Amino acid sequence: MNVVIISGTVFGAAEEVAHHAAQILAEAGLDVTYKTRVSYSELLALDADVLLFVTSTTGMGELPETLQPLVHALREQPPQQWHGLLAGVIALGDACYGEDFCAGGEMIRELYAELGVVELQDMLRLDASETVNPERDAEPWLAEFAASLTV
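This report concerns the structure included in the present document. All figures in this text were calculated on a predicted structure; none of them were measured in a lab. Sequence order as written defines the numbering, with residues in each chain counted from 1. It should be noted that, the model being predicted, local features are given only for residues of pLDDT at least 70 and side-chain atom pairs only at 80 or more, the latter also being counted only at that level, while totals for whole chains, interfaces and linings use all residues. To get the side-chain values, take all heavy atoms of the structure and skip hydrogens and water.

### Focus: the nonpolar core
As a reminder of what qualifies: To form a nonpolar core, buried Ala, Val, Leu, Ile, Met, Phe, Trp, Tyr and Cys residues must be joined to one another through side-chain atoms within 4.5 Å. Each residue's exposure class comes from its accessible area (1.4 Å probe, protein chains only) as a fraction of the maximum for that residue type: buried when under 20%, exposed when over 50%, partly exposed otherwise. Contact between two residues is taken to exist if any of their heavy atoms lie within 4.5 Å; hydrogens are not considered.
In this structure, L43, L51 and L70 are the most contacted members of the largest nonpolar core, which totals 26 residues. Setting aside anything within four residues of it in sequence, one finds L51 in contact with V4, L43, W82, L85, L86, A87, G88, Y112 and F145. Core analysis: the second largest hydrophobic core is formed by 23 residues, A21, L25, I90 and L92 among them.

### Focus: helix α4 (residues 103–115)
To keep it simple, the criterion reads: Put simply, DSSP marks the helices as runs of H or I at least four residues long and the strands as runs of E at least two long, and each gets a number from the N terminus on. In this analysis, the expected span of each helix is defined as 1.5 Å times one less than the number of residues it contains.
The end-to-end C-alpha distance of α4, which contains 13 residues, comes to 18 Å, matching closely the 18 Å that a straight helix rising 1.5 Å per residue would cover. Those residues of α4 that are buried lie in contact with β3 (50–55), α3 (68–76), β4 (86–93) and β5 (118–119). In the stretch just after α4, G116 is the one whose phi turns positive, near 80°.

### So, the packing of aromatic side chains
Just so we agree on the cut-off: Any two rings among Phe, Tyr and Trp, with Trp reduced to its six-membered ring, count as a pair given centres within 6.5 Å; such a pair is stacked if its planes are under 30 degrees apart, edge-to-face if over 60, and tilted if neither.
Taken as a whole and assessed by the stated rule, the structure comprises 2 aromatic pairs. With a centroid separation of 6.1 Å and an interplanar angle of 70°, the aromatic rings of F53 and Y112 are classed as edge-to-face. With F53 in strand β3 and Y112 in helix α4, this residue pair connects regions lying 59 residues apart in the sequence. Neither residue differs from the other here; F53 and Y112 are each classed as buried.

### Thoughts on the pattern of salt bridges
Short version of the rule: Just to be clear on terms, a salt bridge is a Lys or Arg side-chain nitrogen sitting within 4 Å of an Asp or Glu carboxyl oxygen.
Summed over all chains, the structure comprises 4 salt bridges. In this structure, the salt-bridge partner of E106 is R125, at a minimum N-O distance of 2.2 Å. Note that E106 is positioned in helix α4 and R125 in strand β6 (residues 124–127), a separation of 19 residues in sequence. When the shortest N-O distance is used, the salt bridge between E119 and R109 registers 2.8 Å. Of the two residues, E119 is situated in strand β5 and R109 in helix α4; the sequence distance between them amounts to 10 residues. Of the residues examined, R109 reaches a relative accessible area of 28% and is grouped as partly exposed.

### Some thoughts on the packing of helix α1 (residues 13–27) against helix α5 (residues 134–149)
As a reminder of what qualifies: Every angle, taken between N-to-C directions, lies between 0 and 180 degrees, and every axis is a line fitted to C-alpha atoms, over only the stretch in contact when it is a helix. Any angle from 65 to 115 degrees is called roughly perpendicular, while one under 35 is roughly parallel, one over 145 is roughly antiparallel, and all others are oblique. Crossings are sorted by hand: turned counterclockwise from the far helix by less than a right angle, the near helix makes the crossing left-handed, and turned clockwise it makes it right-handed.
Interhelical geometry of α1 versus α5 gives an angle of 40° and a closest axis separation of 9 Å. Judged on the interaxial angle alone, α5 and α1 are oblique. Read as a crossing pair, α1 and α5 show a hand that is right-handed. Listed contacts from α5 to E16, V17, H20, A21, I24 and L25 of α1 are P134, E135, A138, E139, L142, F145 and A146.

Below you can see the structure in the form of structure tokens.
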């Protein structure tokens, strides 16, 4: 099963979580491709069986600039082959921002809904005000995600 991980980050934390996720999923026996920046055509060429977006939230609840062009392109040209594609979202944020907490992840979930992508489990929300090691905090969620793919 080909799992494609895409990250969007401002200061690097989401990238670190995505890299750790790639290691954990590979150790679970999955084929993993991790990209920090990818174009629409590059993403489609990866022929994902499963998508995992790992994103932070920036500004007033926006996606990082590194993800905005890709998300825009996916909305403009919805890939028909993604209808029914399995996916997950890990969102990083800070709960002190209230309504904007993990809003980047919520935007990815909205995109999934528009494209007919199926989330395997609830989005993981990692709160910067509560954790010093988001990579480690993501491990139980990632173990469950991997288990649902290797059954």
